[in-house]
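Chain residues, written in single-letter form:
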Amino acid sequence: MPSTRAVPVTLAEIARIAGVGRAAVSNWRRRHDSFPARIGGTDASPQFSLAEIEQWLRENDKLKEIGGRELLWPGFEALGSRDETGLAIAEAGRRMRDGEVPASVPPLSDQAGELVDEAVALGRREGGREVFEFLLQRWLDAHVRQVSASPRPLADLMAQVALTARPAPSADGGTTVLDPACGAGHLLEAAARTQTRAGAARVTLLGCDSDPALAALAAARLAFVVDEAGGAGGAGGTGAAEKPGKSGRTGTGGARVTADVREGDSLRADPHEHAAADVVLCNPPFNERDWGYEELSTDRRWVHGLPPRTESELAWVQHALARLRPGGTAVLLLPPAVASRRAGRRIRGALLRSGLLRAVIALPPGCAQPHSVSLHLWLLRAPEGTGPAEDNGVLLADAAASRRAAAGREGGVDWDALGDFVRTAVAAYGSGAAELPDCARRMAVIELLDDEVDLTPGRHVSPAPGGEELDLEDAWSGFGEALAGLRAAGRALSALEPAGDGGGGQPKTTVGDLARAGALTLRGGQQPPDGTVRSGGPGEGGLPLLTVPDLLQGGGPTGWLHPSDVSGRGMLVAMPGDVVVAGVIRAFAAWVHQGPPTVLGAQLYALRVEPEKMDAWFLAGCLRAPSNGRQAGTHASSASRVDVRRLQVLQLPLAEQLRYSEVFRRLTEFEEFRGRLDELASRLARDISDGLATGRLSAGR
């Protein structure tokens, strides 16, 4: 039956529900008199009743398979309150799994209760785990600025680092994993996957978060993991229990899994105070001032010193150590300032002297929020017995500078290369191997115990470690190829001769006139809604997002969108062969798109030519002339926009366009070779200078 909820939806949301573009919904509205009337909004941005839209879509056979889940989300979003929405999704997840409501669940409004009923009914039809994960991801995307979630590749990497550093399970064959600031449970879920695949006989997941909605969502999420394994877990103080009659399998490891997620402040009143964990994984809150400095000043966890008020991260580090059993391992994601701030040098020194801090690994920017920062992984290990920890030095690794870890997707994080680099470095360090990967170095503790105790890997690790030969041969070979290509393109361009009349007599037209004549179509990109942009390389089926800031930074796309966010919101996708124009003076450019389908952000335009009337390379070559951007600019400043319709194009027949097109291609090659030559020359100058200064290159006799 159609929903009776009076929830407003926009044209973009209708498009998402129906699995079509926004233009298709606008066409339905114009062509069908039966299309529901708007109930709010404006003429430019109308709103419609979700119940009426659902009924109309069903009656007109326009509700695709995607509609079931998509119809749910607008109702949850309309609840307004972040906490109520999160608690309602968590309650739906619990009921999809258990079929009953625990007594400890906070009361929900009638509207939220109705949504929970609909979600549970849909979960029975389409799979409870799938429906819950869909709603959870939408909630996280909608509140991305308030909730910092560990991306799945990073969560897997942290769990794998812990396993690499501590491969052996406890004596009983089990592993207890604790996350004292678990958020929505990403790290604990990754730990369950990693430990079961490694052959652990039993995995106990312990989580805690001070945010009631996050704690409830994590408990519901991990309950599905437990069910798949054949165990059972509780949340909110109910503890963990086992459900009989199950095989106890999850993933491929065959382990039994239990989970216990509680709401609470781990620093002030830890509900897992008496836990002894084999592994602690944590992505703690950053830069908190109100973490309990006054009331916790005499806490016994501060074995290495009371963390300063401004060093909340070092409080989390010592909390993690206090919860480890002998031989246990902790992996924390921390901001880079923790490794160098003067206020924390005394505690860093104590961690080094005690042998508890084993590694600091700098990750490339983009791995997690904040995406512009190179975050650090800290690896800590509790001693096996009562004696001091083994003195194996400290591993400092800079994945942000490693060519091996960065040799992946342009503009994103190559998680495969990054994971391989980090795991290799940690494994080599743990085995005592003398040879470490590039950008990784084993340092004696005494070398780090100076006045600053600066543990920033980039301060101690160079891109080419001592003893390793500089790879100059490939660089010189590439330099020679780029130089030869530049010369070849230059020779072709040098044959051009000035026009007899100075070019002033050539007839010109504008993009606007060409569009009206049907020679091309012009569409403009738009700003994606908050919460829809993912960072790093595109996930499965994802589409890269190109923005003006990406162009200003000289790189490719740094974000991506899920296909449903593209089709459902009418986003512009540039296809191979389209001419892309940046409509801002300071980033003005035009080129023929030759990569994969790419979503265009605001102030980017796609021009699609009619091949029998216009050549794309000729069009791009005419448009990118610097004088064109200046003439079509709306203001005099560098931040002004370009009126793309006013850009001028030579008015030539197609046969002559093709001759110009070949020259424009040569000019593009000339620019590409020049850029590559500049990059290689800078790299050679840097490496040669560094090699001479460090003695790895000889100046001859």
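Note that the coordinates shown come from a computational prediction; the quantities given were computed from them, not determined experimentally.

> Is there a simple way to explain the pairing of strand S22 (residues 589-592) in this structure?
Within a regular strand, the side chains alternate between the two sheet faces. Side chains of S22 alternate between two faces, with Ala590 and Val592 buried and Ala589 and Trp591 left unburied. The antiparallel hairpin formed by strand S21 (residues 579-582) and S22 contains six residues in its connecting segment.

> It is not clear to me how the environment of Ala24 should be interpreted in this structure. Could you clarify?
One can find Ala24 in helix H2 (residues 22-31). Spatially, the C-alpha atoms of Ala24 and Gly570 are 9.0 Å apart, while their sequence positions differ by 546 residues.

> What am I meant to see in the packing of helix H21 (residues 616-623) against helix H23 (residues 654-694) here?
For any two helices packed against each other, the geometry is given by the interaxial angle and the distance between the axes. Where H21 meets H23, the axes come as close as 8 Å, and the angle between the chain directions of the two elements is 65°. For the crossing formed where H21 meets H23, the hand is left-handed. Contact with H21, carried on its side by Trp617, Phe618, Gly621 and Cys622, involves Gln657, Tyr660, Ser661, Phe664, Arg665 and Thr668 of H23 and no other residues of that element. Grouping the constituent residues of the contact of H21 with H23 by class yields five nonpolar, four polar and one charged.

> Quick question: what am I supposed to make of the sheet that holds strand S3 (residues 46-49) here?
Note: strands within a sheet are paired through backbone hydrogen bonds, in either parallel or antiparallel orientation. Ordered by their spatial adjacency, three strands build an open sheet running S1-S3-S2, and the pairing between neighbours is antiparallel. A strand with exactly one partner marks an edge of an open sheet, and here the two such strands are strand S1 (8-10) and strand S2 (40-41). Direction of pairing for S1 relative to S3: antiparallel, over a ladder of three bridges. Bridge pairing in S3 places Thr10 opposite Gln47.

> Please explain the sheet that holds strand S16 (residues 520-524) as it appears in this structure.
If you walk across this open sheet you meet the four strands as S16-S24-S21-S22, and the pairing is antiparallel. Unpaired on one side and paired on the other, S16 and S22 mark the two borders of the sheet. Adjacent strand axes in the sheet meet at a mean angle of 20°, parallel and antiparallel pairs treated alike. Note: S21 against S22, four bridges, orientation antiparallel. Following the sheet pairing, Val581 is matched in S22 by Ala590. Its contacts with the sheet place H21 against S16, S21, S22 and strand S24 (604-609), and it is angled at close to 170° to S22.

> Sorry if this is basic, but what is going on with the pattern of salt bridges here?
Oppositely charged side chains can pair when the atoms bearing their charge come close. In total, this model carries 32 salt bridges according to the counting rule given. As a salt-bridge pair, Glu54 and Arg58 come within 3.0 Å of each other at their nearest N and O atoms. Pair noted here: Glu54 and Arg58 are both in helix H3 (residues 50-59), with a separation of four residues, about one helical turn. Taking relative accessible area as the criterion, Glu54 reaches 5% and is therefore assigned buried. What makes Arg58 partly exposed here is its relative accessible area of 45%. Several salt bridges converge on common partners, so that one network encompasses Arg129, Glu133, Arg152, Asp156, Glu189, Arg193 and Arg221.

> I would appreciate a short explanation of the packing of helix H1 (residues 11-18) against H2 in the present structure.
Put simply, H1 and H2 touch, their axes get as near as 8 Å, and they point 105° apart. The angle between H1 and H2 places the two elements in the roughly perpendicular class. Every residue of H2 that contacts H1 at Leu11, Ala12, Ile14, Ala15 and Ala18 is listed here: Arg22, Val25, Ser26 and Trp28. Considering only residue class, the contact of H1 with H2 consists of seven nonpolar, one polar and one charged.

So, how was this worked out
Residues numbered from 1 in each chain as written. Predicted model: local features only at pLDDT ≥ 70, side-chain atom pairs only at ≥ 80, totals over all residues. Heavy atoms only, no water. Buried < 20%, exposed > 50% of the residue type's maximum accessible area, 1.4 Å probe, protein only. Helix = DSSP H or I, 4+ residues; strand = E, 2+ residues; numbered from the N terminus. Pairing = 2+ DSSP bridges. Axes fitted to C-alpha atoms, helices over the stretch in contact; angles between N-to-C directions. Left-handed = near helix turned anticlockwise from the far one by under 90°. Contact = heavy atoms within 4.5 Å. Nonpolar A, V, L, I, M, F, W, Y, C, P; charged D, E, K, R; others polar. Salt bridge = Lys/Arg side-chain N within 4 Å of Asp/Glu carboxyl O. Parallel < 35°, antiparallel > 145°, perpendicular 65-115°, else oblique.

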